[in-house]
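Analysis of the macromolecular model
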Amino acid sequence: MEQEFQRSNTFWNRVGTRLCMTTTYSVAGILAAILFYLAWKGIGRLSIGFFLDSPIDLGREGGVFPILVSTLLLAAVALAIAVPLGVGTAVYLTEYTKESWVTMLIRFGAECLAGIPSIIFGLFGFILFVVTLGMGWSILSGALTLACMVLPTIIRTSEEAIKAVPASIRQVGFSLGATKSQVIWHIVLPQSRSGIITGIILALGRVIGETACVIFTTGISMEMPSSLFDSARSMAVHFYILAREGISMDMANTTALALVFMILLVNLGATILFGRRYSR
Amino acid sequence: MTEAAMKEIILKAEGLSYAYDRPGKVPNGPVLDNINLDVERGTIFAIIGPSQSGKSTFLRLINRLQEVTATGALSGRILFEGRDIYASDYDPFRLRREVGFCFDKPLALDMSIAENITFGPRLAGITSKDDLGAIIEETLRASNLWDEVKDRLSMNANRLSGGQKQRLSLARTLALHPRLLLLDEPCSALDPIATARIEEALVSMKARTTCVLVTNNTKQASRLADRTAFFLMSKLVEVGPTKEFFTSPRDKKTDDYISGRFG
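Residues numbered from 1 in each chain as written. Chains lettered and ligands numbered in written order. Predicted model: local features only at pLDDT ≥ 70, side-chain atom pairs only at ≥ 80, totals over all residues.

1. Overview of the pairing of strand β8 (residues 210–215) of chain B
All names here are of chain B. Just so we agree on the cut-off: Between the buried cut of 20 or more and the exposed cut of 12 or fewer other C-beta atoms within 10 Å of a residue's own C-beta lies the partly exposed class, and all C-beta atoms are placed from the backbone. By definition, any uninterrupted DSSP run of H or I lasting at least four residues is a helix, any uninterrupted run of E lasting at least two residues is a strand, and each is numbered from the N terminus. When DSSP finds two or more bridges between two strands, those strands count as paired. Crossover handedness is defined by viewing with both strands directed away from the observer: a clockwise path from the first strand over the helix to the second marks the crossover as right-handed.
For β8, the tally of buried residues reaches six of six residues, placing the bulk of the element in the interior. Burial along β8 is two-sided: the face carrying Thr-210, Val-212 and Val-214 and the face carrying Cys-211, Leu-213 and Thr-215 are both buried. Across five bridges, the pairing between strand β3 (residues 44–48) and β8 is parallel. Paired with Phe-45 across the bridge in β8 is Val-212. Two elements, strand β7 (residues 180–184) and β8, share five bridges in a ladder whose sense is parallel. Bridged to Leu-182 within β8 is Val-212. On the question of chirality, the crossover connecting β7 to the parallel β8 by way of helix α9 (residues 192–204) is right-handed.

Below, the structure written as C-alpha cells:
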C-alpha cells in the first residue's frame, strides 16, 4: 500500500512538473514569437533618424521624435497625478481606517473601475476634461484620463504591498518614539516600495500602450507639443493610424517595435533606479 | 552610590488593572488584576510566569505601546519617575524615547545596520554625523555586536542572523539612551550561545539603565535579576529579592512554578 502510494505520487509529481514546465515555456515562446515577428517586420526602417526626426508626409517618411516626446510627456504627467493619489488612497485604506462598509465600498468601486474598458474611460475623459472643463484635445486631458484609468491598479497593488509589511515592524517604529505618520513614511512605505513600484510599472505599461483613451482626449496632432495644453499623438495612436489608414505598414511595424522597446527600457530603468536597494 | 540613590524608585505600579475591549464579545475578565510593584533605579527586575499571565501586557503598558495595537480599559496608575504616564498631559512619544522596548522576535528595520540604530535618534532630532557615529559605536559595543559588524555597517540589517538581529534591536533601543529598558522575552527565539551574549550585555548595562525583563526562562531570571516577580493568571503572586525568591518562596504557587511542577 505504502509503496503503491509512493510510486503514484512520484508519477504524478513528474507529470505535474512537466506540465508546469510546458506552460512556462509556452508563455515564454509566445512572447519570443511576438518580439521576433516585430523585430523582423520593423527592423528595416529602424535607424537613429527614426527616433530623432519629425514625421514627413503623414508618417510615410521621417521619424517619430515629437510623438516619442508626447508619449513620454503623457505618461509622466499621468503618473505624476495617479501615483500620489493612488498611494495616498492605499495608505488611507490600510493604515487609517477600520474595515467598514465605507472602505468596502471604496475597494469595490476601485475594483469595478479596474474592469471598465479603456474606451469608456476615453469617452468619459472626452466629455469631462475635453468638453465640459474646456481643456480641449490636449496632453493634460489625456493624462488626467489615463490617471483615472490606472488609479485602481495602483491602489490595489500599493494596498497589497503595504499590508504585507508585518505589524511587528510598525511596532518597532512606535517603540522608538515615532508618530504614526513617521512610521508610515520612514518604515512602511520604504519597506513596501518594491510592491508599490511593481504597480507603478504595470500602470506605466498600460499608459504607454493605451490607444483608445488617448485618441479621444489628446487627439492625433503630430506636431511637437509646446505645452500641456497642446494636442499630441502617442506612439500607440501613431501606430494605429499608420496601420488603420494604410499609410505605411513598414513604418507602423517599426513604431510598434520602438513602442515595445520603450516599455521594456522604462521598466528596466524603473527597476534599476528604485528597486535596486531592495534586492539584497 | 549612596544608600538613597540605590533606593530610588524609577517605576511604580499602583493598583493596576487592565482588560481588553472586545466589542460584541463576552468580556474575558481582566488581563491584569490589581498589580502593585516597585522597580529601583539601576537594577534588573525580572517578571516570570506562564504564558497568558499578563506579563507582556504589563510591559507594553509601561511605555504605552499597548494602546497602539489594542484598546482596553485601564485602572490604577503607572508612575515613571514619579509621574503618572497615563495623565492626560503626558506625551506618549516622549515616554517611548525614555522607556525603551525590546521585542521577543528579532526584528530589523529594512535598512542598513547603521540606519537601524540611528532611526530613533534621527527622529528625535539628532542630525550631526559625528554624534550619530558615536551612538552607533557606543550602542553596538554595549550590545556585544560591534566586533561582528564594525566593517559592514552599511549592510542591510536583514542579512544578520537571528541572534545578531536581536543584539541589534538592543543597540537600536539603547540609542535613545532610555532610562528604563523593557525586554519582552528577548531570548525566546535564540540559541544558548546567542542568549549568553545578550545576557552579558544586559549585566554590563546595569550601570547605565534599569531593566524590566519578562522571561519564560526562570533560570535566566535567577541569573540576571536583582528582584523577581511572579505573575499568574493576571495577578502578581509574589515579588522579592531574587535570591530569596528562588531559595525560599513564600507562596506555594511560586514554589511549584519555579521547581517546574506546572507552567
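2. Overview of the sheet that holds strand β6 (residues 99–102) of chain B
Residues and elements named next belong to chain B. For clarity, the cut-off: Structural elements are reduced to axes, namely lines fitted to C-alpha atoms, with helices fitted over the stretch in contact, and the angle between N-to-C directions of any two is expressed from 0 to 180 degrees.
Read from one edge of the open sheet, six strands run β6-β7-β8-β3-β9-β10, paired in mixed fashion. One side of each edge strand has no neighbouring strand; the edge strands of this open sheet are β6 and β10 (235–241). Mean inter-strand twist for the sheet, computed between neighbouring axes without regard to direction, equals 15 degrees. Here four bridges tie β3 to strand β9 (residues 227–232), and the two strands are oriented parallel to one another. Of the residues in β9, the one forming a bridge with Ala-46 is Thr-228.

3. A look at the pairing of β6(B)
Each regular strand shows side chains that alternate between the opposite faces of the sheet. Residues and elements named next belong to chain B. Burial along β6 is two-sided: Val-99 and Phe-101 facing one way and Gly-100 and Cys-102 facing the other are all buried. Bridge count between β6 and β7: four bridges; the pairing is parallel. Residue pairing across strands places Gly-100 opposite Leu-181, the latter belonging to β7.

4. Examining the sheet that holds strand β2 (residues 32–40) of chain B
All names here are of chain B. With antiparallel pairing, the four strands of this open sheet are ordered in space as β2-β1-β4-β5. Among the strands making up the open sheet, the edge pair consists of β2 and β5 (83–84). Across eight bridges, strand β1 (residues 9–20) lies against strand β4 (residues 72–80) in antiparallel orientation. Of the residues in β4, the one forming a bridge with Lys-12 is Leu-79.

5. Quick notes on unusual backbone geometry
Residues and elements named next belong to chain B. Even without a glycine there, the phi angle at Asn-34 is positive, about 50 degrees. Examined against the element boundaries, Asn-34 turns out to sit in strand β2. Residue classification places Asn-34 among the partly exposed residues on the basis of 15 C-beta atoms within 10 Å. For Arg-64, which is not glycine, the phi torsion reads 60 degrees and is therefore positive. Looking at the element boundaries, Arg-64 is found in the loop between α2 (55–62) and α3 (66–69).

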